[in-house]
Structure formats: structure tokens, C-alpha cells
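Structural overview
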Amino acid sequence: MAKITLQNLAHSYLPNPQHEDDYALKELNHDWVDGEAYALLGASGCGKSTLLNIISGLLHPSQGRILFNDRDVTMAPTTQRNIAQVFQFPVVYDTMTVRDNLAFPLRNRGADPAYIKERVQQIAQMIGMEATLDHKARGLTADAKQKISLGRGMVREDVNALLFDEPLTVIDPHMKWELRTQLKSLHHEFGHTMIYVTHDQTEALTFADKVVVMYDGRVVQMGTPQELFETPEHTFVGYFIGSPGMNVLEADVQGDKAVIGGTQIALGKGFGHPTGNVELGVRPEFTSLSTGDVGLPVTIKRVEDVGRHKIVRADFQGVEVNVLAGEGEDISPDMNRLVFDPVGINVYANSWRVAPEVV
């Protein structure tokens, strides 16, 4: 296992980058703790796979350094980094059996045959392929082949890091849940440093100790699922994490009050006098509907009953806002005011969170 350090790391696919916008991966400085499980989460094109490929050695960065346990591996080839990587689409040896595919990394390193047999059996059980160990890989389905790729990535216990690049894309939904659970169990049992690239927030939040949210080539926040939910440091985090995502509304913030579309809102704490593009961010879980004169005037457009709760889609001056209501809660057309729980209010200036004043 290894602590992974990124120092002034950035990458451009252009030969002579001149401006920040020329970089697919903008400057990063991070320490990733030995033995923790991380998920790189973000939309397509945000730099997740670029960063993973730099860590694995498939790409050399345009600037900066990468260190494994304080050893500079920036220019070291993949073979010298002692990592295992699983890609989005299955990479298997079709002419080999499932058993031989799983055993291949261990045989390559001269492992003891008895250990290889035991370890292959253990991994086969983990990925649910004990019954097909002696079948050739050629005739298997795409999701079965991807399970072999996952197993081959996990079969070695001595790697510095396990890297996963959207490995469950071709796996059916039920098996996705089982394999995520198995990956997490493997992490707890062996303590590998794991980095898992995905655009699926459910995969990220259920797999990782820390989620690294990326946007436009930057890491905009790294934290636990609870931290990402309660205090999104960037409006993209609020939008991307949660279903539905955070409501974001333009506001004029002065101290502990905000004016949104001519309506004054109490914030519950002071935020000074932020300037620039100032917005209020409130998750649907911290909103409610009422009648009367308190809150933002809204019009209910539709109610979606999703079983455990209801999602109310409302309109505020042409902007859609979302409210989470209880399963048994009655929603009537005369509920025309949107009220925020101050506990869940965040203030943003130019998309970045403004810390509340300490009283």
C-alpha cells in the first residue's frame, strides 16, 4: 500500500499550453492517505480518467510530481509502480480459462502454486464465478468478462494501489451492488489504497471513505459523504450530490439576511457582505411548503411520489425549486410559500462557499 502525493500536478494534451483553459487537469496539491478508499466523482470530461492514468503511469503530467510513499515516480513506467488497474471495458485473455486469467498476475511474479490456487478460489467466490473457473473466457458475456478483470485486479495482495476506471459500466444493476459491497469488504480486510473513478454518485458514496469531486479539471472538494451533503464547498458539489440536487438561487446577502427576488429571508447566522455572483444554496431536504406570507412565493407545478417521499417541483420567478415532502404529507395547491430551514442554508460567492461568521 502507499500514500499518494500530488505536488503541483497539472496536465494538458496540447504541446505548448499557454493558459489555464489549455489544461485538462488544472494544478492539484493533495495527499491521499495510505490504505484509504477514494472515489473520483464528476461529469464526463472533468479530468477523472486523466488523473487516474497519471497515477498509474499511462500518462506523464505536463507539470508537477507524483510520489508513492515520498518516492518520486513521476517518470517511472507502470511496471515499476506496483499498481493494479481495472478499466471501463473488460480486458481478458479469451483463450485462457477463467482460472488462468485470475492466476496470471500471480504466476507472472512466481508466486507459490498452493497460494495461487487458494487465492484464485477466494477471488472467484468473491466475484461469483466459482462455477465457471474452468470455462474459456471467449464464450462469456461482457459482464462476466468484466468480473474477471475485477478479479484479476484484486488477486494480488502486495500492490501499492488498486485503480478502478468506471469498472461497473457493463455490469447489471444487481451485480453492481454486490461487487461494490465486495470491493468495500476487500478494502476493510486488506487495507489497500483504492481509487475508484465514476460519474455515479451512488457508487462513489457507497464505496469510498473520501469522495474527490472534480469539475472542469479541478478538485472542488474532497470529503466524506456527510461533508459533501451538509457543506458543499462549491455549487457544483451541491448540484451533483443528492437527488434532486441543491436549490441554487441568486441573492443579495447582508449579514444574517438575504433578499431573493424581492423577498427577505432570515439566514440564522451572519455571512458578512459577500460580493460577486452571490447565491443561496439549500438542499430540498431543508425546504418546506406552507401557506401565508412567510417565505418565497412559489407555484407548485407537479408532485412526484417516489415511495419513501414526494418530490415537489415548484416555480419561483421562472426558476425550478425542489422540495422533499414526507410520504404521508398532503400537498395542496394553496401551499404557495417556500420556507428554508436555516440549518441547511449555504451562501456562495462566485460558486464557492462563504463560511459563516463565528459568533
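Everything that follows concerns the structure shown earlier in this document.
Presented here is a report on the structure given in the accompanying data block. Just so you know, these numbers come straight off a predicted model, no measurement behind them.

Remarks on the sheet that holds strand β21 (residues 337-340)
Taken together, the 3 strands give an open sheet; going across it, the order is β16-β21-β17, and neighbouring strands pair in antiparallel fashion. In this open sheet, the two strands that pair with only one neighbour each are β16 (287-290) and β17 (296-297). Examined bridge by bridge, β17 and β21 share 2 bridges and lie antiparallel to one another. Directly across from L296, in β21, lies its bridge partner L338.

Digging into the packing of aromatic side chains
For the structure on display, the rule yields 7 aromatic pairs. With a centroid separation of 4.8 Å and an interplanar angle of 35°, the aromatic rings of Y196 and F207 are classed as tilted. Here Y196, found in strand β8 (residues 193-198), pairs with F207, found in helix α6 (residues 201-207); they are 11 residues apart in sequence, far enough to count as distant. Of the two residues, Y196 and F207, both sit in the buried class. What links up through ring pairs into an aromatic cluster is the set Y215, F236, Y239 and F240.

Focus: the sheet that holds strand β3 (residues 37-41)
One open sheet holds the 6 strands; their spatial order is β6-β7-β8-β3-β9-β10, and the pairing between them is mixed. In this open sheet, the two strands that pair with only one neighbour each are β6 (83-86) and β10 (218-223). The mean angle between the axes of side-by-side strands here comes to 15°, regardless of whether they run parallel or antiparallel. Against the sheet, helix α4 (residues 142-154) engages β6 and β7 (161-165), with an angle of about 170° to β6.

Considering the nonpolar core
Among the nonpolar cores identified, the biggest contains 47 residues, and L102, I148, M154 and F164 are the most heavily contacted of them. When residues in this core are grouped by element, the largest group, 5 residues, is from helix α3 (residues 113-126). Beyond its immediate sequence surroundings of up to four residues, L102 is in contact with V120, I123, A124, I127, L133, I148, G151, R152 and V155. In this structure, A258, V282, V323 and M335 belong to the second largest nonpolar core, which totals 27 residues.

Concerning the pairing of β8
Most of β8 is tucked away, with 6 of its 6 residues classed as buried. The pairing of β7 with β8 spans 5 bridges and is classified as parallel. Bridge pairing links L163 to I195 in β8.

Observations regarding the packing of helix α2 (residues 98-108) against α3
One way to put it is that α2 packs onto α3 with a least axis distance of 10 Å and a crossing angle of 130°. Classed by the angle they form, the pair α2 and α3 counts as oblique. For α2 against α3, the interelement crossing comes out right-handed. Contacts from R99, L102, A103, L106 and R107 of α2 reach α3 at Y115, I116, R119, V120, Q121, I123 and A124. Split into classes, the residues belonging to the contact of α2 with α3 amount to 8 nonpolar, 1 polar and 3 charged.

So, how was this worked out
- Residues numbered from 1 in each chain as written.
- Predicted model: local features only at pLDDT ≥ 70, side-chain atom pairs only at ≥ 80, totals over all residues.
- Heavy atoms only, no water.
- Pairing = 2+ DSSP bridges.
- Helix = DSSP H or I, 4+ residues; strand = E, 2+ residues; numbered from the N terminus.
- Phe/Tyr/Trp six-rings, centres within 6.5 Å; stacked < 30°, edge-to-face > 60°.
- Buried < 20%, exposed > 50% of the residue type's maximum accessible area, 1.4 Å probe, protein only.
- Axes fitted to C-alpha atoms, helices over the stretch in contact; angles between N-to-C directions.
- Contact = heavy atoms within 4.5 Å.
- Core = buried A, V, L, I, M, F, W, Y, C linked by side-chain atoms within 4.5 Å.
- Parallel < 35°, antiparallel > 145°, perpendicular 65-115°, else oblique.
- Left-handed = near helix turned anticlockwise from the far one by under 90°.
- Nonpolar A, V, L, I, M, F, W, Y, C, P; charged D, E, K, R; others polar.

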